[in-house]
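Summary of structural features
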Amino acid sequence: MTTRSMDLEAEPAPQKSAAVSSSSEPIIVAHDVHKTYAGAGQPVHALRGATLEVAKGEMVTIMGPSGCGKTTLLNCLSGLETIDQGEIYVEGRSIHDMPDSERTDHRARRMGFIFQFYNLLPVLSSVENVELPLLLGGVGQRESRERSLLALEQVDLRDWAGHRPAQLSGGQRQRVTIARALVNDPAIVWGDEPTGDLDSTNANQIMDLLEDLNQRNQQTFVIVTHDEQIGRRANRTIHMRDGLIEGETIHRGLGS
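Residues numbered from 1 in each chain as written. Predicted model: local features only at pLDDT ≥ 70, side-chain atom pairs only at ≥ 80, totals over all residues. Heavy atoms only, no water.

**Looking at helix α5 (residues 170-182)**
Every α-helical turn comprises 3.6 residues, leaving residues that sit three or four positions apart pointing alike. Compared with an ideal rise of 1.5 Å per residue, which puts 13 residues at 18 Å, α5 spans 19 Å between its outermost C-alpha atoms and is within 8% of the ideal. In terms of burial, α5 is a largely internal element, 12 of the 13 residues being buried. In the core, the buried residues of α5 are packed alongside β8 (111-115), α3 (126-136), α4 (141-154), β9 (188-192) and α6 (200-217). (Helix = DSSP H or I, 4+ residues; strand = E, 2+ residues; numbered from the N terminus. Expected span 1.5 Å × (residues − 1). Buried < 20%, exposed > 50% of the residue type's maximum accessible area, 1.4 Å probe, protein only. Contact = heavy atoms within 4.5 Å.)

**A closer look at the nonpolar core**
Residues Leu-152, Ile-178 and Leu-210 are the most contacted members of the largest nonpolar core, which totals 32 residues. Ranked by residues supplied to this core, first place goes to α6 with 6 residues. Beyond its immediate sequence surroundings of up to four residues, Ile-178 is in contact with Ile-114, Val-155, Ile-206, Leu-209, Leu-210 and Leu-213. Formed by 30 residues, the second largest nonpolar core is a distinct cluster that contains Val-60, Met-98, Ile-188 and Val-224. (Core = buried A, V, L, I, M, F, W, Y, C linked by side-chain atoms within 4.5 Å.)

**What to know about the packing of α5 against α6**
Packing of α5 against α6 brings their axes to within 10 Å, and their N-to-C directions diverge by 20°. In terms of axis orientation, α5 runs roughly parallel to α6. In the packing of α5 onto α6, the handedness of the crossing is right-handed. Residues Gly-171, Gln-174, Arg-175, Ile-178 and Leu-182 of α5 touch α6, and the partners they reach there are Asn-202, Gln-205, Ile-206, Leu-209, Leu-210 and Leu-213. Partitioning the contact of α5 with α6 into residue classes produces 6 nonpolar, 4 polar and 1 charged. (Axes fitted to C-alpha atoms, helices over the stretch in contact; angles between N-to-C directions. Parallel < 35°, antiparallel > 145°, perpendicular 65-115°, else oblique. Left-handed = near helix turned anticlockwise from the far one by under 90°. Nonpolar A, V, L, I, M, F, W, Y, C, P; charged D, E, K, R; others polar.)

**A closer look at the packing of aromatic side chains**
Scanning the entire structure with this criterion turns up 1 aromatic pair. Pairing Phe-113 with Phe-115 gives two aromatic rings, centres 6.2 Å apart and planes at 10°, and the pair type is stacked. Judged by relative accessible area, Phe-113 falls into the buried class, the value being 15%. Of the residues examined, Phe-115 reaches a relative accessible area of 28% and is grouped as partly exposed. (Phe/Tyr/Trp six-rings, centres within 6.5 Å; stacked < 30°, edge-to-face > 60°.)

**Some thoughts on the side chain of Asp-192**
Structurally, Asp-192 is set in strand β9. Within the buried core, Asp-192 has no salt-bridge partner, and the shortest N-O distance to an opposite charge, that of Lys-70, equals 7.6 Å. Looking at Asp-192, its side chain comes within polar contact range of the side chain of Thr-71, at 3.2 Å. The contact partners of Asp-192, leaving out residues within four places of it in the chain, are Thr-71, Leu-74, Ile-114, Phe-115, Gln-116 and Val-224. (Lys, Arg positive; Asp, Glu negative; His and termini not counted. Salt bridge = Lys/Arg side-chain N within 4 Å of Asp/Glu carboxyl O. Polar contact = N/O pair within 3.5 Å; in protein donor to acceptor, adjacent residues only side chain to side chain.)

**Section: unusual backbone geometry**
One non-glycine residue, Asp-32, adopts positive backbone phi at about 50°. Tracing the sequence through the fold places Asp-32 in strand β3 (residues 26-37). For Asp-32, a relative accessible area of 28% corresponds to the partly exposed category. Positive phi values are uncommon outside glycine, yet Glu-193 reaches one of about 50°. Locating Glu-193 in the fold gives a position in the loop between β9 and α6.

**Observations concerning the pattern of salt bridges**
All chains considered together, the criterion is met by 16 salt bridges. Taking the shortest distance from any N to any O, the salt bridge between Arg-109 and Asp-105 comes out at 2.7 Å. Taken together, the residues span about one helical turn, with Arg-109 and Asp-105 both in helix α2 (residues 100-110) at a distance of 4 residues. Among the residues examined, Asp-105 registers a relative accessible area of 37% and is labelled partly exposed. It is possible to trace a salt-bridge network through shared partners that takes in Asp-208, Glu-211, Arg-233 and Arg-252.

**Here we look at the side chain of Gln-219**
Residue placement: Gln-219 occurs in the loop between α6 and β10 (220-224). A polar atom in the side chain of Gln-219 sits 3.0 Å from the backbone oxygen of Pro-186. Setting aside chain neighbours within four positions, we find Gln-219 in contact with Gly-57, Glu-58, Leu-182, Asp-185, Pro-186, Ala-187, Leu-213 and Asn-214.

**Things to note about the confidence of the model for the protein chain**
Summing up the model confidence of the protein chain, the mean pLDDT is 86 and the portion of residues at 70 or higher is 90%. Under a pLDDT of 50 for its full length, residues 1-23 has, in the predicted model, 55 contacts with residues more than four places off or in other chains. (pLDDT = per-residue confidence, 0-100.)

Below, the structure is given as structure tokens:
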């Protein structure tokens, strides 16, 4: 693997795979990943040989035109969707060779997810939404509540723990979603357009928070976005087109 330095305005250089610094330990390794969906008239080749690595503690954004395979790649890397061909290793393990139950358990223990439209249950308070995955995972009620309150404190929402989603702003709802993603202390946090439903002010505040959590906790963030300004906030942007990774842009060194 090679290390390249590019400024924020540099054009991505075409290449078959997205590389990381040889001194960084990869936490995600994908090789020649293919994914095809059955379309109405003909198959849709969403991924056509995607190859990449993501270093432990890195923040990576994935960008490209609509329909290029960004969300499909994120879903396949995280094990939410199966693949037709190729290999994906997460923390040294082949995630698609795991039995379904083991893969589900691995996601619950080692991964967090941030979605564009929050996916919060409207009848639950902020703290109840955050603690739900812990309770479903078998963590006791008292410990779940304590950990959830700490997670809300991390995103500056502890005072809003008893409020339901309808009583919160869009930015606050996304902070609850982030707290829920972080409550199990995951190794990897996946974000699918986490700022897509927010205005620019709230979007920048959310990215400030994600950057701080990434650097403070050394958790790996992989974020799909269409916003170039959001993309530049990462260590590196992976550029996709037509189901392929066509290059990358490095914005800042890992840990800087």
